[in-house]
Amino acid sequence: MSKYFSRKQGELKAYVPGEQPRNVQKFIKLNTNESPFPPAPEVVNAVAAAAQKANLYCDPTMLKLREDLAGIYGYTPEYFTLGNGSDELLSFAFLAFCNQEIGAAYADVTYGFYSVLSRLYATDTKIVPLDAQYCINPEDYAGLGRTIFIANPNAPTGIALTRLQIESILQANPDNVVIIDQAYVDFGAECAIPLVEKYDNLLVINTFSKSRSFAGGRVGFAVAQPALIADLETVRNSINPYNVNSLSQAAAHAILQHNDYYMQNCKVVARNRVYLTKQLDALGFTTLPSLTNFVFTKHSSISGEQLYQKLKEHAILVRYFDAPGICDFCRITVGTKEQVDALLDVIRSIL
Ligand SMILES: *Cc1c(COP(=O)(O)O)cnc(C)c1O
């Protein structure tokens, strides 16, 4: 830390992303929940065409993409805005809907970025424990008087709430915004977007990073009633009106035109998840019931850290969390059938 850093010691605790090794082709990379499938070829062409016009600024209103999203999810373009990844939209949401008076609430085991943002914006935060089955209990979120952040399905557990459960949280917090961060929803959970019509306190945040093979392109989108979106837009336009660059906007447009390709890939991943879970079961693992593109799994004879280390020695990267309550587990991204089989072979040899 330099003497110029304006932050007090310990005030910030930066997010630590999963490893992105330089020699990535040496590894089977199952540590950051990326898609194993490449973008559709048209996406690559769209980026090349957009690059020809990169001397011009991109469209700060992102109108074409908001129209595309309205075509897929219903509603009108005023119900949508986009971010440089959903992480940026989460940051906008903290700035728009939390402050000294309005605190935040989220689960003790959930997406690590919430606590990073909570510290960055000095938000008073209530941490709500998961139940003994690692589930979010909707009743624990009734009338908290805070802005609520829920990853659904939750990460790194993979467990999802039903749409009815989400609805009960919305109904129990009519005077506060409830943010449903559904990064993994396309792998099988119930989508919260249809609830936007009914609840003016619901903000649904989505990403192209997991189900649409575009983690490197950094595109996320938010859906809510126009008044909430307008608040996010005020924040967005106060920070960076050009937050989604023209190459990513062109790519995202092409992605949404080939939405079926991506949703088909999600089905393949979901099938591989069921297969992986069964095989892990047979090897004595306990795996939480996931509706995502990863499994959260533990074995009585090897710790999460040991399994992570051993797999790394065999050129397979998974994620391990050195945190209370979950350090027995590894989070393993579900890849192609070939990747799953290679993983299982190595796990058998380790055991
Ligand atoms: C991966 C992930 C994100 C971040 O996605 P980006 O769009 O790549 O920023 C947000 N929330 C959850 C729960 C995630 O797992």
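Given the structure is predicted, the values throughout are model-derived calculations rather than measurements.

**Student:** Looking at this structure, I do not really get helix α1 (residues 41-51). What am I missing?
**Tutor:** Residues that lie three or four places apart on an α-helix share one face, since the helix turns once every 3.6 residues. For α1, every residue scored as buried is listed here: V43, A46 and A50. For α1, the arc enclosing every buried residue in end-on projection is 60°, short of the 170-degree limit, so these residues lie on one face. What points out from α1, more than 90 degrees from its buried face, is the exposed set P41 and N45. Where α1 is buried, its residues contact α7 (246-257) and α8 (259-282).

**Student:** Looking at this structure, I do not really get the packing of aromatic side chains. What am I missing?
**Tutor:** Centre-to-centre distance and the angle between the planes together describe a pair of aromatic rings. Using the criterion set out here, one finds 18 aromatic pairs in the structure. Judged by centre distance (5.3 Å) and plane angle (80°), the rings of Y134 and F329 are edge-to-face. Here Y134, found in the loop between β4 (125-128) and β5 (147-151), pairs with F329, found in strand β13 (residues 329-333); they are 195 residues apart in sequence, far enough to count as distant. Counting every residue linked through ring pairs, the aromatic cluster contains Y15, F94, Y106, Y111, F113, Y114, Y121 and F149.

**Student:** What am I meant to see in the site of the ligand here?
**Tutor:** Inspection of the region around the ligand gives G85, S86, D87, Y111, D181, A183, Y184, T207, S209, K210 and R218 as its neighbouring residues. At a separation of 2.6 Å, an oxygen atom of the ligand approaches a polar backbone atom of S86. K210 has a polar side-chain atom sitting 3.0 Å from an oxygen atom of the ligand. Contact with the protein chains removes 93% of the 390 Å² of surface that the ligand exposes when unbound. Among the residues making up the shell around the ligand, the classes are represented as 3 nonpolar, 4 polar and 4 charged.

**Student:** Looking at this structure, how should I read the sheet that holds strand β7 (residues 202-207)?
**Tutor:** What holds strands together in a sheet is hydrogen bonding between their backbones, with the strands either parallel or antiparallel. The mixed open sheet is built from 7 strands, whose spatial order is β2-β8-β7-β6-β5-β3-β4. Each end of this open sheet is capped by a strand with a single partner; those strands are β2 (80-83) and β4. The average undirected angle you get between the axes of adjacent strands in this sheet is 20°.

**Student:** For this particular structure, what's the right way to read the side chain of T207?
**Tutor:** Here T207 lies in strand β7. Reaching out from T207, the side chain makes a polar contact with the backbone nitrogen of S209 at a distance of 2.9 Å. Those residues within four positions of T207 in sequence are excluded, and the remaining contacts are S86, A183, V219 and G220.

**Student:** I'm lost on the side chain of E167 in this one. Help?
**Tutor:** Assignment of secondary structure puts E167 in helix α5 (residues 163-171). Within the local environment of E167, its side chain forms a polar contact with the side chain of Y199, the two groups lying 2.7 Å apart. Other than its neighbours up to four places away in sequence, E167 contacts L195, K198 and Y199.

**Student:** Quick question: what am I supposed to make of the pattern of salt bridges here?
**Tutor:** Two side chains with opposite charge may pair up if their charged atoms get near one another. All told, the structure shown has 9 salt bridges when counted by the stated rule. In this structure, D341 and K337 form a salt bridge, with 3.0 Å as the shortest nitrogen-oxygen distance. Of the two residues, D341 and K337 both sit in helix α10 (residues 337-350), 4 residues apart, roughly one turn of that helix. One salt bridge in this structure joins D345 and R348, with 3.2 Å as the shortest N-O distance. Taken together, the residues D345 and R348, both in helix α10 and 3 residues apart, mark about one turn of the helix.

**Student:** What is the right way to look at the domain arrangement of the protein chain in this model?
**Tutor:** The parts lose accessible area when they come together, and the size of an interface is often stated as this lost area. Once the domains are mapped, the protein chain shows domain 1 (7-38 + 260-350) and domain 2 (55-258). A straight line from the C-alpha centre of domain 1 to that of domain 2 covers 24 Å. Roughly 2,500 Å² of surface becomes buried between domain 1 and domain 2 when both sides are summed, with 65% attributable to carbon and sulfur atoms. It is Y15, Y262 and L291 that lose the most area in domain 1 upon contact with domain 2, and together they represent 25% of the buried surface on that side. On the surface where domain 1 and domain 2 come into contact, there are 0 salt bridges. On the surface where domain 1 and domain 2 come into contact, there are 7 residue pairs in polar contact (both at pLDDT 80 or more). Taken together, the elements giving at least two residues each to the side of domain 1 that touches domain 2 come down to α8, β10 (294-299) and β13.

**Student:** Whenever I open this one, the sheet that holds β13 confuses me. Can you help?
**Tutor:** Here we have 4 strands laid out as an open sheet, ordered β9-β10-β13-β12, and antiparallel in their pairing. Every other strand in the sheet has two partners, leaving β9 (285-287) and β12 (319-320) as the edge strands with one partner each. In terms of strand pairing, β9 meets β10 through 3 bridges, oriented antiparallel. Bridging across to β10, T287 finds its partner in T297. Here α8 sits on the sheet in contact with β9 and β10, set at roughly 5° to β10. Docked against the sheet, helix α9 (residues 304-313) engages β9, β12 and β13, running at close to 40° with respect to β13.

**Student:** Can you walk me through unusual backbone geometry in this structure?
**Tutor:** Between N152 and P153 the backbone carries a cis peptide bond, its omega angle lying at -5°. Residue placement: P153 occurs in the loop between β5 and α5. Residue P156 follows A155 across a cis peptide bond; omega there is 5°. One can find P156 in the loop between β5 and α5. You will see that A122, though not glycine, has its phi angle at about 50°, which is positive. Of note, A122 is situated in the loop between α4 (113-120) and β4. One non-glycine residue with positive phi stands out, namely Y134, at about 65°.

Parameters at a glance
- Residues numbered from 1 in each chain as written.
- Predicted model: local features only at pLDDT ≥ 70, side-chain atom pairs only at ≥ 80, totals over all residues.
- Heavy atoms only, no water.
- Buried < 20%, exposed > 50% of the residue type's maximum accessible area, 1.4 Å probe, protein only.
- Helix = DSSP H or I, 4+ residues; strand = E, 2+ residues; numbered from the N terminus.
- Arc of directions from axis to C-beta.
- Contact = heavy atoms within 4.5 Å.
- Phe/Tyr/Trp six-rings, centres within 6.5 Å; stacked < 30°, edge-to-face > 60°.
- Near = heavy atom within 4 Å.
- Polar contact = N/O pair within 3.5 Å; in protein donor to acceptor, adjacent residues only side chain to side chain.
- Areas by Shrake-Rupley, 256 points an atom, 1.4 Å probe, with all protein chains shown as cover.
- Nonpolar A, V, L, I, M, F, W, Y, C, P; charged D, E, K, R; others polar.
- Pairing = 2+ DSSP bridges.
- Axes fitted to C-alpha atoms, helices over the stretch in contact; angles between N-to-C directions.
- Salt bridge = Lys/Arg side-chain N within 4 Å of Asp/Glu carboxyl O.
- Domains from an automatic or database assignment.
- Buried area = accessible area lost by both parts, 1.4 Å probe.

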